[in-house]
Amino acid sequence: MLKVKLGGTLVNKAGGRTEFEVEGANIMQMLRNLGRTCPELEPMLKKGVSVAVDGQIYRDAMLQPLGPENEIILLPRMAGG
Amino acid sequence: MPLDANTPDLRTEFKSVGTRPNRPDGVDKVTGRARFGADFSAPGQLVGLVLRSPHAHARIKSIDTSAAEALPGVKAVITYKDIPEQEGCDKDVLVNIMARGTALYDGHAVAAVAATDAAVARKALKLIKVDYKVLKHVTDVDEAMKPSAPVLHPGRFEPVDYNSLETASHVSGKQETKTKTREGSNIAGRYVFGHGDVDKGFKQADIIVEHEFKTEATHQGYIEPHACVASVSSDGMAELWVCTQGPFMVRDVCASLLGMDVSRLRVTPSEIGGGFGGKTTVFIEPVALALSRKAGKPVKVVMSRSEVFRCTGPTSSASMWVKIGAKKDGTFVAADAVLKYQGGAFPGSPVEMGAMCAFACYDLRNVRIVGYDVVTNRPKQAAYRAPGAPMSAFAVEGVIGEIADKLGIDAIDIRLKNAAKEGTVSSYGPTFGPVGLVETLEAAKAHKNYKVKLGKNQGRGVASGFWFNFAGNTCVSINLNVDGTLALALGTVDIGGSRASMCLMAAEELGIAYDDVRAIIADTSSLGYNDISEGSRVTFSSGLATIKAVRDLKKRMCGRAAKIWGIPEDAVKWENGAAHPAGANAGGFDPLSIKEIAAQASATGGPLAGHYEINAEGAGPSFATHVCDVEVDPETGAMKVLRYLVVQDAGKAIHPSYVEGQYQGGAVQGIGWVLNEEYFYGKDGTLQNAGFLDYRIPVCSDVPMIDTVIVEVPNPGHPYGVRGVGETSIVPPLACVANAVSSAIGVRARTLPMSPPKVLAAIEGVAASKA
């Protein structure tokens, strides 16, 4: 089981809830299961989010492996200048 | 370790990397031979011009283009009707490039013409009759959040209970009794970050400092205006030559807006005369394509400077409140902030990133940041170097400076005491890996500038800053030429000297001379998708892909050597620019140099090339510390920056001169933000200073030589340890200069820009309070 924390807009969409426990062996599976657990998040997850895994921010690497030992934090999709 | 970063151990010894060769584009740029956006021309091209709204907010009742269309020499006139909404396109971008029913800001495009020359095109614009109903407008972020404000997008954003907003209790102090509106609001989003118990934390504080801050919108100030040439042929195939940070983005967005197959549009980027984030979206490009499609001829559109200011994206203006509590020894115990950023007429201000960066430099157990994304009757904001971060750092670092002063603690020591380091849970959530803030603080403290004794009316400021740095989609090819030199094809526009850096990395990896590698920026039909050159990603991502493409090429060259020698491929290794037998058992062959392999390529199997594509991850964040000395003239309020030091973590500086250039450029842009730059809007909501005469960016005489120190804390996500460096350098200057001015004149400046009249008023205010 993965522990997933939410940040920013995602907390609003999840009705103020900041943490979820979901199954998943990689980012894609985690996001899919999170969307099923909390359908309110689905539109934002589909639009794109950033995922911080042990401090490393991933914007697109959907196949990045995840395990229960990882610190997983969902952040808004980020871009720079 | 990122999924696809099958990199070996971090490389620490280099021959080419870290040297300072001449830039490959240098001669072209100083001789005028370099081709920028407006330098492209196509046979038979027309001149395209855009008609723009003179009103900040107006309903477009009708547009009559008949007279313009009848004018001899006019080949096409378009309005929004010529760019119908396509399924799946970005509606905000669609509306921004051409108003649909309502003009949302001064300068909003309403129609466009293509004519045989500029004089005819200008005349045609005057013949277009637009019937407007002028609406109430709002350009200030605080005003836009009030229920009495005109709503830009009725029904789009949920109505809000104004009295429930943090802004009502913490910032404005002017609560309005009306709580909800039927039309909704201008508040496009509310975001919260943080952890711990802020209220509990503040109870532990010996000192609490809180203040409100405001910053004005500033433009990126790139010297080259937006320009493009579009050519759509009768069979629907199209080409676009354009000045942009992201040709693949331009291709995909334009195709989406115009209902084209992506494969039918080929985009070729020009040299770029500055972008800094402002060229990461589209403005005139789809309009030029639509004109060309209708006219059946190439169309060139070049923005005037006035159009650049009125219609492209500056950064957000901001209104902020920050509160920090500390123990007597300087330890921060709690931090709280409310950030309100207006992003122009559409949602998407960088307030989320400003919120995440606000306290990122510090190890805080109790922290909360609330951000509001607000729409106003201004042009849609665009990214500007570390979008959102300089404003929140201005507020946070200003409060920290005041706490240090009140506690009598050195400005660098208090930051060292609270600095984020490896293992710190960041204020925005993730735990930091290896980062270099402490190293930048220590280097700043050790620098000679920090020891200079200050004179009368002089002050010193310190500020630190953070930026995430990004990576992303990258695709690189490297081709071995017949003489052993190499052609490196990159898909990321060179906005900061990246061609030189890529050549250095390729040369390093191959063990050959830098001059033997020549890099070009390819068009969108020549390489796979590359993300925009943004987010300080290019040296990291394209560098990573270049290294991997070169390794692919090396493997192929070793394979050729193996065939020539008749030994197994794995019995060949690459060293110092040549294939060698991997050991005594491999055979006693003389090494085959890259030139020898190239000369035999045709006879041994054909051309040799390396290729790599990746959605790169693993860009390490970058921290910086700046130190600034200023002198203020007490009679005029004018100030002079005496010394300015940038210390920043680059991970590994591939081309140190370019790294220093990024540090210096960011600092100078930040100094301009503090001293003079701002958008002036008249009472009618129109921009009053749409030109460089009235919008004053810094010139050489405004700034001293910017001193730099490159700190190198390697990023484990890159084979050479690279971190992006392009954006962090603009984060600290706003606060750094403001802290220096505060130190010089004894009052804290909390509104930018700190133009001489404002500084003089502050000086006179202090004098009056003492009288």
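Some remarks on the overall build of chain A
Thinking step 1. Broken down by element type, chain A carries 3 helices and 5 strands.
Thinking step 2. Listing every helix and strand of chain A by position from the N terminus yields β-α-β-α-α-β-β-β.
Thinking step 3. Computed over C-alpha atoms, the radius of gyration of chain A comes to 11 Å, within 12% of the 12 Å expected from 2.2 N^0.38 for 81 residues, which places it in the range of a compact globule.
Thinking step 4. Reported as C-alpha extents along the three principal axes, the dimensions of chain A are approximately 35 × 25 × 20 Å.
Thinking step 5. In chain A, of all internal contacts separated by at least 6 residues, the share reaching a separation of at least 24 is 54%.

Here we look at the sheet that holds strand S12 (residues 299–302) of chain B
All names here are of chain B.
Thinking step 1. On the basis of which strands lie adjacent, the open sheet formed by 7 strands has the order S3-S5-S1-S12-S9-S10-S11 and mixed pairing. Each edge of the sheet is formed by a strand with only one pairing partner; in this case those strands are strand S3 (74–78) and strand S11 (265–269). Sheet twist, expressed as the mean angle between neighbouring strand axes with direction ignored, is 20 degrees.
Thinking step 2. Pairing of strand S1 (residues 46–52) with S12, which is carried by 3 bridges, proceeds in the parallel orientation. Across the sheet, the residue bridging to glycine 48 is valine 301, located in S12.
Thinking step 3. Running over the sheet, helix H8 (residues 247–258) touches strand S10 (238–242) and S11 and is turned about 150 degrees from S11.

A few points about the sheet that holds strand S4 (residues 102–103) of chain B
All names here are of chain B.
Thinking step 1. Strand order in the open sheet formed by 3 strands is S4-S2-S6, with antiparallel pairing between adjacent strands. Looking at the sheet topology across the chains shown, the edges are occupied by S4 and strand S6 (129–134).
Thinking step 2. In this sheet, S4 lies alongside strand S2 (residues 58–64) in antiparallel orientation, the contact comprising 2 bridges. Within S4, the position partnered with arginine 59 by the bridge is threonine 102.

Brief notes about the interface of chain B and chain A
Thinking step 1. Residue-level contacts link 33 residues of chain B with 25 residues of chain A.
Thinking step 2. It is strand S7 (residues 187–195) of chain B that contributes the most residues to the side of chain B that touches chain A, 5 residues altogether.
Thinking step 3. Along the lines of polarity and charge, the residues of the side of chain B that touches chain A split into 16 nonpolar, 11 polar and 6 charged.

Some details on the domain arrangement of chain B
All names here are of chain B.
Thinking step 1. Each assigned domain of chain B is listed with its residue range as follows: domain 1 (26–34 + 471–616), domain 2 (37–136 + 226–302) and domain 3 (317–469 + 620–770).
Thinking step 2. At the interface, 13 residues of domain 1 touch 16 residues of domain 2.
Thinking step 3. Of the residues that constitute the side of domain 1 that touches domain 2, the class distribution is 6 nonpolar, 5 polar and 2 charged.

So, the packing of helix H12 (residues 389–407) of chain B against helix H19 (residues 733–745) of chain B
Residue and element names in this part refer to chain B.
Thinking step 1. Taken N-terminus to C-terminus, the directions of H12 and H19 make an angle of 35 degrees; their axes are 8 Å apart at the nearest point. Considering only the axes of H12 and H19, their crossing is right-handed. Between H12 and H19, the contacting residues are Pro390, Ala393, Phe394, Glu397, Gly398 and Gly401 on the first element and Leu734, Ala735, Ala738, Asn739 and Ser742 on the second.
Thinking step 2. Along the lines of polarity and charge, the residues of the contact of H12 with H19 split into 6 nonpolar, 4 polar and 1 charged.

Comments concerning H12 of chain B
Thinking step 1. Taking 1.5 Å of rise per residue, the 19 residues of H12 of chain B would be expected to cover 27 Å, and the 26 Å separating its terminal C-alpha atoms lies within 8% of that figure.
Thinking step 2. Burial analysis of H12 of chain B places 15 of its 19 residues in the buried class, which makes it a mostly covered element.

Parameters and conventions
- Just so you know, the residues in each chain are numbered from 1, in the order the chain's sequence is written.
- Here chains are named by letter from A upward and ligands by number from 1 upward, in the order in which they appear as written.
- Reporting of local features is limited, given that this is a predicted model, to residues whose pLDDT is at least 70; pairs of side-chain atoms are given and counted only at 80 or more, and all residues count toward the totals for whole chains, interfaces and linings.
- Helical segments are the DSSP runs of H or I of at least four residues, strand segments are the runs of E of at least two, and each set is numbered from the N terminus.
- Radius of gyration: C-alpha atoms only; globule rule: 2.2 Å multiplied by the number of residues to the exponent 0.38.
- Two residues form a contact once the distance between their C-beta atoms, set from the backbone, is within 7 Å.
- Pairing between strands is defined by DSSP: at least two bridges between the two strands are required.
- Note on definitions: angles span 0 to 180 degrees between N-to-C directions of axes, and those axes are lines fitted to C-alpha atoms, for helices only across the stretch in contact.
- Here the term charged refers only to Asp, Glu, Lys and Arg, the term nonpolar to Ala, Val, Leu, Ile, Met, Phe, Trp, Tyr, Cys and Pro, and the term polar to all other amino acids, Gly among them.
- The source of the domain bounds is an automatic or database domain assignment.
- Helix crossings get a hand from a simple test, with the near helix turned counterclockwise from the far one by less than a right angle marking a left-handed crossing and a clockwise turn marking a right-handed one.
- By this rule, a helix spans an expected 1.5 Å times one less than how many residues it contains.
- Between the buried cut of 20 or more and the exposed cut of 12 or fewer other C-beta atoms within 10 Å of a residue's own C-beta lies the partly exposed class, and all C-beta atoms are placed from the backbone.

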